[in-house]
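# Descriptive structure summary
Take a look at the letters that make up each chain.
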Amino acid sequence: LLPAVCLDMNLNLYIIVLNNLMILLSAYFTFKIVKIMRVEISYVFIFSIYFLDPTITRYQFQILTEIPFLFLITMVLYTFILGFSKNRSYYLFLGFVLITISTFLRPLTLYLPYYLMIFFTLLFIFRGFFQINFRHQFIIACLLGTLLHFSLTQLWSYRNYLETN
């Protein structure tokens, strides 16, 4: 909202444009996820699902957290899938950073990194059984992402405790 306030813009119009841009980017990254997974589907279908969904249509004209949260979660899924498809661990770490940012937006994802860390650790332990290439760099990235998430959310919780008792 800072650019709109500084440039003396109409805030309602700014929010509508920003929300629609995030919806478009969410649909685009959903399309990219589908392409990485090698699923043959039309981009028109994906974009029409996003623009005809009643929930998205309802919230695209309001200043709420639903649309930015949808955008961040789509980015999390995209970075995780991109990390596994390109065999790069820093995408996994970036996914954990995006989860931390989305936790500050909506606390729904507060415990998600811990569950993901357990899941990826079990996947690493049983990687021979699943016949996947899961390297130890992925576990290190998951651990660092979980530690970053834990430290930032604990600082946030401590600050909230001091402010509200």
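Within each chain, residues carry numbers counting from 1 in the order of the written sequence. With pLDDT at 70 or above as the cut-off, local features in this predicted model cover only qualifying residues; side-chain atom pairs require 80 or more to be listed or tallied, and sums for whole chains, interfaces and linings still use all residues. Hydrogens and waters are ignored; side-chain quantities use all the structure's heavy atoms.

### With respect to the overall build of the protein
Tallying secondary structure elements over the protein gives 9 helices and 0 strands in all. Each helix and strand of the protein, placed in order from N terminus to C terminus, yields the pattern α-α-α-α-α-α-α-α-α. Any residue under 20% of the maximum accessible area for its type is buried, any over 50% is exposed, and the rest in between are partly exposed; the area is computed with a 1.4 Å probe on protein chains only. Burial status across the protein gives 33% buried among its 165 residues. In what follows, a contact means two residues having at least one pair of non-hydrogen atoms within 4.5 Å. Partitioning the intrachain contacts of the protein with sequence separation of at least 6 by distance along the chain shows that 62% fall at a separation of at least 24. Roughly 10700 Å² of accessible area belongs to the protein as shown, and the carbon and sulfur atoms make up 70% of that amount. Counted charges follow a simple rule, with Lys and Arg positive, Asp and Glu negative, and His plus the chain ends left uncounted. Charged side chains are reduced to one point each, which is NZ for Lys, CZ for Arg, CG for Asp and CD for Glu. Of the charged side chains in the protein, 10 are positive and 5 negative; the average position of the first set lies 18 Å away from that of the second. Numbering goes from the N terminus for both helices and strands, where a helix is a DSSP run of H or I of at least four residues and a strand is a run of E of at least two. Residue exposure ignores everything except the shown protein chains as possible cover, and the areas themselves are Shrake-Rupley values with a 1.4 Å probe.

### Comments concerning a nonpolar patch on the surface
Where nonpolar side chains cluster on the molecular surface, the patch consists of Ile118, Leu122, Ile125, Phe126, Phe129, Phe130 and Ile132 and spans about 740 Å² of accessible area. No other element matches the 3 residues that helix H7 (residues 112–125) contributes to the nonpolar patch. Nonpolar side chains (Val, Leu, Ile, Met, Phe, Trp, Tyr) within 5 Å and like charges within 9 Å form the patches, drawn only from residues with over 30% relative accessible area and no salt bridge. Salt bridge, as applied in this entry: a Lys or Arg side-chain nitrogen positioned within 4 Å of an Asp or Glu carboxyl oxygen.

### Observations concerning the packing of helix H2 (residues 11–36) against helix H3 (residues 43–52)
Axes here mean lines fitted to C-alpha atoms, for a helix over just the part in contact, with angles spanning 0 to 180 degrees between N-to-C directions. Interhelical geometry of H2 versus H3 gives an angle of 140° and a closest axis separation of 9 Å. Overall, the two elements H2 and H3 adopt an arrangement that is oblique. Crossing geometry of H2 relative to H3 is assigned as right-handed. Across the interface between the two elements, Ile23, Leu24, Ser26, Ala27, Tyr28, Thr30, Phe31 and Val34 of H2 pack against Tyr43, Ile46, Phe47, Tyr50 and Phe51 of H3. Amino acids outside the nonpolar list (Ala, Val, Leu, Ile, Met, Phe, Trp, Tyr, Cys, Pro) and the charged list (Asp, Glu, Lys, Arg) are all regarded as polar, and Gly is one of them. Across the contact of H2 with H3, the residue classes break down as 11 nonpolar, 2 polar and no charged. Each angle is binned into one of four classes, with values under 35 degrees roughly parallel, values over 145 roughly antiparallel, values of 65 to 115 roughly perpendicular, and all other values oblique. A clockwise turn of the near helix away from the far one marks a right-handed crossing, whereas an anticlockwise turn of less than a right angle marks a left-handed crossing.

### Brief notes about the packing of aromatic side chains
Aromatic contacts are taken between Phe, Tyr and Trp rings whose centres are within 6.5 Å, Trp giving its six-membered ring; a plane angle under 30 degrees counts as stacked, one over 60 as edge-to-face, and the others as tilted. Counted by the stated rule, this structure contains 10 aromatic pairs. Cation over ring: Arg106 sits above Phe69, and NZ or CZ is 5.5 Å from the ring centre. Should the NZ of a Lys or the CZ of an Arg lie within 6 Å of a ring centre and within 35 degrees of the ring normal, that charge is described as sitting over the ring. The ring of Phe124 is capped by Arg127, whose NZ or CZ atom sits 4.3 Å from the centre of that ring.

### Quick notes on the packing of H2 against helix H5 (residues 66–86)
Closest axis-to-axis distance for the H2/H5 pair is 9 Å, and the angle between their directions is 25°. Here H2 is positioned roughly parallel relative to H5, judged by the angle of their axes. The hand of the H2/H5 crossing is left-handed. Of the residues in H5, those touching H2 at Asn19, Met22, Ile23, Leu25, Ser26, Phe29, Thr30, Lys32, Ile33 and Ile36 are Ile67, Pro68, Leu70, Phe71, Thr74, Met75, Leu77, Tyr78, Ile81, Leu82 and Ser85.

### Section: helix H6 (residues 89–105)
By this rule, a helix spans an expected 1.5 Å times one less than how many residues it contains. Between its terminal C-alpha atoms H6 stretches 25 Å, which fits the 24 Å expected from 17 residues at 1.5 Å a residue. Within the sequence span of H6, burial applies to Ser89, Tyr91, Leu92, Gly95, Phe96, Leu98, Ile99, Thr100, Ser102 and Thr103.

### Considerations on the side chain of His149
Among the secondary structure elements, His149 is positioned in helix H9 (residues 136–164). Among residues more than four places away in sequence, those in contact with His149 are Thr100, Thr103, Thr109, Leu110, Pro113 and Tyr114.

### Re unusual backbone geometry
Residues other than glycine seldom take positive phi values, yet Arg38 does so here, at roughly 60°. Of the residues examined, Arg38 reaches a relative accessible area of 74% and is grouped as exposed. We note that Asn87 has phi near 60°; this positive angle belongs to a residue other than glycine. Inspection of the secondary structure puts Asn87 in the loop between H5 and H6.

Fair warning: the whole summary comes from geometry, so function is off the table for now.
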